[in-house]
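# Descriptive structure summary
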Amino acid sequence: MSRKIKIVGLCGRSGSGKGYVCSIFERLGIPSIDTDAVYKALVMGCRGNPTPCLSAIIEAFGDRVLNEAGDLNKRALADIVFAPGNESRLQQLNTITHKYIKKETQKQIVSLKNAGFSTVLIDAPVLFESGFDKMCDLIFYVHAPAAVLVQRICARDGITEQQAVRRLDAQLSDTELALRCDGVIRNDGVSDVEAQAVRLVRQFSLLE
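Residues numbered from 1 in each chain as written. Predicted model: local features only at pLDDT ≥ 70, side-chain atom pairs only at ≥ 80, totals over all residues. Heavy atoms only, no water.

## A look at the packing of helix α4 (residues 74–81) against helix α5 (residues 87–114)
Inclusion rule: Angular values range over 0 to 180 degrees, each being the angle between N-to-C directions of two axes fitted as lines to C-alpha atoms, with helices fitted over their stretch in contact. In this text, helices come from DSSP runs of H or I with a minimum length of four residues, and strands from runs of E with a minimum of two, each type numbered from the N-terminal end. Throughout, the term roughly parallel applies to angles under 35 degrees, roughly antiparallel to angles over 145, roughly perpendicular to angles from 65 to 115, and oblique to all others. Residues are treated as being in contact if the distance between any of their heavy atoms lies within 4.5 Å. Side-chain classes follow a simple rule in which Ala, Val, Leu, Ile, Met, Phe, Trp, Tyr, Cys and Pro form the nonpolar group, Asp, Glu, Lys and Arg form the charged group, and the remainder, Gly included, forms the polar group.
The geometry of α4 relative to α5 is characterised by a closest axis approach of 7 Å and an angle of 130° between their N-to-C directions. The orientation of α4 with respect to α5, classified from their angle, is oblique. In contact with Leu77, Ile80 and Val81 of α4, α5 contributes Arg89, Leu90 and Leu93. A per-class count over the contact of α4 with α5 returns 5 nonpolar, no polar and 1 charged.

## Considerations on the sheet that holds strand β4 (residues 138–143)
Quick reminder of the rule: The rule for pairing is simple: two strands pair if DSSP sees at least two bridges between them.
The strand order across the open sheet built from 5 strands is β2-β3-β1-β4-β5, with neighbouring strands paired in parallel fashion. Of all strands in the sheet, those with a lone pairing partner are β2 (32–34) and β5 (183–186), marking the two edges. The average undirected angle you get between the axes of adjacent strands in this sheet is 25°. The pairing of strand β1 (residues 6–11) with β4 spans 4 bridges and is classified as parallel. Following the sheet pairing, glycine 9 is matched in β4 by isoleucine 139. Seen against the sheet, helix α1 (residues 18–27) touches β1, β2, β3 (119–123), β4 and β5 and runs at an angle of roughly 170° to β3.

## Considering the pattern of salt bridges
It is possible for side chains bearing opposite charge to pair when their charged atoms get close. To be explicit about the condition: Criterion for a salt bridge: a side-chain nitrogen of Lys or Arg within 4 Å of a carboxyl oxygen of Asp or Glu.
Going through the model one piece at a time under the given rule, you end up with 5 salt bridges. The partner of aspartate 174 in a salt bridge is arginine 13, with the nearest N and O atoms 4.0 Å apart. A residue pair is termed long-range when its members are at least 10 positions apart, and aspartate 174 in helix α8 (residues 174–179) and arginine 13 in the loop between β1 and α1 qualify at 161 residues. As a salt-bridge pair, aspartate 157 and arginine 156 come within 3.0 Å of each other at their nearest N and O atoms.

## Details of the nonpolar core
Inclusion rule: Here, nonpolar core means buried Ala, Val, Leu, Ile, Met, Phe, Trp, Tyr and Cys residues that are tied together by side-chain atoms lying within 4.5 Å of each other. Each residue's exposure class comes from its accessible area (1.4 Å probe, protein chains only) as a fraction of the maximum for that residue type: buried when under 20%, exposed when over 50%, partly exposed otherwise.
One finds Ile57, Phe61 and Leu77 to be the most contacted residues of the largest nonpolar core, which totals 39 residues. Secondary structure elements with two or more residues in this core: β1, α2 (35–43), α3 (52–61), α4, α5, β3 and β4. Core analysis: the next-biggest nonpolar cluster, separate from the first, contains 17 residues, Val21, Phe25, Ile30 and Leu121 among them.

## Examining the confidence of the model for the protein
To be explicit about the condition: pLDDT measures the predictor's confidence residue by residue and takes values from 0 up to 100.
Of all residues in the protein, 99% attain a pLDDT of 70 or more, and the chain-wide mean is 91. Per-element confidence in the protein is highest for helix α9 (residues 193–203), whose mean pLDDT is 97, and lowest for α8, whose mean pLDDT is 90.

Written out as structure tokens, the structure is:
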């Protein structure tokens, strides 16, 4: 009978650097699944032949969320769901996409288990909101100060500070995330992220 693979959820507010933290764990021998990348694969490269996930988004938000190639225009969709007072539209989008992302993520977990890995990280920007936390054996929280988050989001996405703050306001707070996690990784640009990752690997026997 094969051993169960440990599933570690990685949560953190936008701009916290979860992708960078995943790369550290990868170097230590623990693979990760980026649910943002899973989502992108579900809505890009369609060329006018939308996947079930993209079809559902179009039905809910209209053709205005498509680009000229027939793929999802994420900026246009973000302008809708992150607009002031549009919290219900964001919830509607999450309800549509999460089931498709979860199904594909579960497939990838099985593949990694079959490949012999003992642990996998799930990098999910909305880990709790999407219900991914229910799949996890452990949850690690990547933390960075609010000012750092805003700076990173603006540089990454080319948006204003006001837009970045609006995105953060739509997410769970630092306090809420910290209360729900089993371990914290500080990625503030000063702390040694690798040392923290090594400590967590040892503490929870993630390579055994």
